[in-house]
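# Chain and residue survey
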Amino acid sequence: MSCPNTPELIADYCDPMVSAESLQRHRLHLEGCPSCQQELGRLRPVPARLLRWQNLAMPDWDRSSMIRPVPNRKSIPSRVRTIPLLARWLPLAASVVLTIAVLTQTRLEVNEQGWAVSFGASSKLDVQQLDAYLAAYSRAQEADTREWVQSALKTHGETTADSVYQWMMYMEQQRELDVKRMEAGFEQLLDRDFQTVDSVRQLASYVMYQVAP
Amino acid sequence: MEQTDNQLIDAALAGSVSAWEMLVRRHEHRVYNLGLRLLHNPDDALDLVQDVFLGVYRNLYRFRGESQFSTWLFRIVHNKAVDLIRRRQTGPELENWFEEDIPEPVHDLPGPLEACLESEMNEKISQFLLRLPPAQRLIVELKVFQAMTFEEIAPLQDIPVNTAKTRFYTALKNLKIMMEAQS
Ligand SMILES: [Zn+2]
């Protein structure tokens, strides 16, 4: 009663893109197969009945909501600026201090009055000088970052989700790079005496302490 | 001159909100009506449209124009529709996903399509479709309403072309039984 050709034959008859060869093959088969003839006659009207569907108009909706994921656009830059910049500056500042320490054989002397850094055997850098240096370094970093942000905004146009994402990626790469630099600094220091290593650790924690608030 | 889909996509990728909205307006009604048929509920259909175009926007940079935008779009539509149907279904119906027979006995079906008012037509058609197992419902949608070929449908459902044809045939048989029960 049932014929194995029926499913393909019915499906192909409902396919406007079916090849002429397939259609010809099905026609030949149909001539000798009452079962397929009956199924075709029964099922062929079904798709046409479904196509009586009346298309409805789309209700209005916010079509560009996915382009603006955060409603307050101004809040994006300020939030992004504060958090990664601090994260970026901390290791950078520490790594610069470390580099100076390594190159100049810095020594840190701590006593009740405070502490002082000595370069080699002779020269001395006091707390105020170091503060001034760190402040200058911080300003240079900020200018550097501002410049980068401006060029990023120019390149990416408006603060779209894409540009913020690329911005975050850049910050993250910078941060990783800085951490690597700092690690390299520590490794170099391991070849030196423990007094210097201890000094630099104290210096690094000083930098963290100064910047954190 | 009217811009092509590819021109609108390029402009949208370059940051043009109006090009993006024009692209969405051009295709959204097809997705919305598909949602109405498959999900049988205007709120779910709107959810589908939003899901689909969020997915389109996120992946727009991957669209390279080697296929028709609408073909690429319906790959996303198919996946999102499957997700939504799955989420809206609970309990034992989930097991009937690929079942080849109608999962429940035919009763309280809408009247014959020939006799119904225009305004009732959509309700009846989506009632019929709703009673099909989801895999059959989807194949009828893609074949009949979206006029896709079986060669296009088969990879969407991750099945061979012949299986797609058999599944479509089974769906037509089931629909026919439902339609006959009413006339
Ligand atoms: Zn036959």
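What counts and how
Residues numbered from 1 in each chain as written. Chains lettered and ligands numbered in written order. Predicted model: local features only at pLDDT ≥ 70, side-chain atom pairs only at ≥ 80, totals over all residues. Heavy atoms only, no water. Donors = N, O, S within 2.8 Å, 3.2 Å for Na, K, Ca; no water. Tetrahedral: all angles 85-135°; square planar, octahedral: opposite > 155°, others 65-115°. Buried < 20%, exposed > 50% of the residue type's maximum accessible area, 1.4 Å probe, protein only. Core = buried A, V, L, I, M, F, W, Y, C linked by side-chain atoms within 4.5 Å. Contact = heavy atoms within 4.5 Å. Helix = DSSP H or I, 4+ residues; strand = E, 2+ residues; numbered from the N terminus. Buried area = accessible area lost by both parts, 1.4 Å probe. Salt bridge = Lys/Arg side-chain N within 4 Å of Asp/Glu carboxyl O. Polar contact = N/O pair within 3.5 Å; in protein donor to acceptor, adjacent residues only side chain to side chain. pLDDT = per-residue confidence, 0-100. Axes fitted to C-alpha atoms, helices over the stretch in contact; angles between N-to-C directions. Parallel < 35°, antiparallel > 145°, perpendicular 65-115°, else oblique. Left-handed = near helix turned anticlockwise from the far one by under 90°. Nonpolar A, V, L, I, M, F, W, Y, C, P; charged D, E, K, R; others polar. Phe/Tyr/Trp six-rings, centres within 6.5 Å; stacked < 30°, edge-to-face > 60°. Lys NZ or Arg CZ within 6 Å of the ring centre and 35° of its normal.

Residues and elements named next belong to chain A. Those donors, Cys3 (SG), His29 (NE2), Cys33 (SG) and Cys36 (SG), are the protein atoms that reach the zinc ion, and they lie 2.1 to 2.3 Å from it. Coordination at the zinc ion is tetrahedral: its four donor atoms span angles of 102 to 116° at the metal. Donor residues for the zinc ion sit on one chain with the sequence pattern C-x25-H-x3-C-x2-C. Overall, the relative accessible area of 23% leaves His29 in the partly exposed class.

On to the nonpolar core. Among the nonpolar cores identified, the biggest contains 75 residues, and Trp20, Phe53, Val56 and Val140 of chain B are the most heavily contacted of them. If near-sequence neighbours (up to four positions away) are discounted, Phe53 of chain B is found in contact with Trp61 and Met66 of chain A together with Trp20, Val24, His27, Glu28, Val31 and Leu73 of chain B.

For Asn122 of chain B, the location among the structural elements is in helix 5 (residues 118-130). Sequence-distant contacts of Asn122 of chain B, that is, excluding residues within four places in its chain, are made with Trp53, Gln54 and Leu56 of chain A.

We now examine the interface of chain A and chain B. Residue-level contacts link 31 residues of chain A with 40 residues of chain B. Taken over both partners, the interface formed by chain A and chain B buries close to 3,800 Å², and the fraction arising from carbon and sulfur atoms is 68%. When the area that chain A buries against chain B is broken down by residue, the three leading residues are Arg49, Leu50 and Trp53 of chain A, summing to 20%. Where chain A meets chain B, there are five salt bridges. Residue Glu180 of chain B pairs with Arg42 of chain A through a salt bridge whose shortest N-O separation is 3.7 Å. Remark: the boundary between chain A and chain B carries eleven residue pairs in polar contact (both at pLDDT 80 or more).

Our next topic: the confidence of the model for chain B. Residues and elements named next belong to chain B. Confidence in the prediction for chain B averages 85 pLDDT; 83% of positions are at 70 or higher. Low pLDDT, under 50, characterises residues 91-95; the stretch is placed with two contacts to residues that sit more than four places away or in other chains. A low-confidence stretch, residues 103-107 (pLDDT under 50), is modelled with seven contacts involving residues beyond four sequence positions or located in other chains. Among the scores for the predicted complex, ipTM is 0.84 and pTM is 0.60.

Right, let's talk about the pattern of salt bridges for a bit. In a structure, side chains of opposite charge can pair up when their charged atoms sit close to one another. Throughout the structure, instances matching the rule amount to 13 salt bridges over all chains. For the salt bridge of Asp5 of chain B with Arg26 of chain B, the shortest nitrogen-to-oxygen distance reads 2.8 Å. Residue Asp5 of chain B is found in helix 1 (residues 5-13), and its partner Arg26 of chain B is found in helix 2 (residues 17-39); the two are separated by 21 residues along the sequence. With relative accessibility at 16%, the residue Asp5 of chain B sits in the buried group. Among the charged side chains, a salt-bridge network with shared partners connects Glu8, Asp12 and Arg25 of chain A together with Lys165 of chain B.

Attention shifts here to the packing of helix 3 (residues 42-59) of chain B against helix 4 (residues 69-88) of chain B. Residue and element names in this part refer to chain B. Their axes nearest at 9 Å, the elements helix 3 and helix 4 cross at an angle of 130°. Comparing their axes, helix 4 and helix 3 come out oblique. Between helix 3 and helix 4 lies a crossing of right-handed hand. Residue-level inspection shows Asp44, Asp47, Leu48, Asp51, Val52, Phe53, Gly55, Val56 and Asn59 of helix 3 in contact with helix 4, the latter providing Phe69, Trp72, Leu73, Ile76, Val77, Lys80, Ala81, Leu84, Arg87 and Arg88. The residue inventory of the contact of helix 3 with helix 4, partitioned by class, reads eleven nonpolar, two polar and six charged.

Attention shifts here to the packing of aromatic side chains. Scanning all chains against the criterion turns up seven aromatic pairs over all chains. Seen from their ring centres, Trp20 of chain B and Phe53 of chain B are 6.4 Å apart, and the 75° between their planes marks the pair as edge-to-face. With Trp20 of chain B in helix 2 and Phe53 of chain B in helix 3, the pair connects residues that are 33 residues apart, well separated along the chain. Of the two residues, Trp20 of chain B and Phe53 of chain B, both sit in the buried class. Ring plane angle 65° and centroid distance 5.5 Å describe the contact between Phe150 of chain B and Phe168 of chain B, whose orientation is recorded as edge-to-face. Of this pair, Phe150 of chain B sits in helix 7 (residues 150-157) while Phe168 of chain B sits in helix 8 (residues 161-180); the two residues are 18 residues apart in sequence, bridging distant segments of the chain. Members of the aromatic cluster, connected to one another through ring pairs, are Trp61 of chain A together with Trp20, Phe53 and Tyr57 of chain B. Positioned above the aromatic ring of Trp53 of chain A, the side-chain terminus of Arg37 of chain B is 5.1 Å from the ring centre. One Lys or Arg, Lys143 of chain B, reaches over the ring of Phe150 of chain B and ends 5.0 Å from the middle of that ring.

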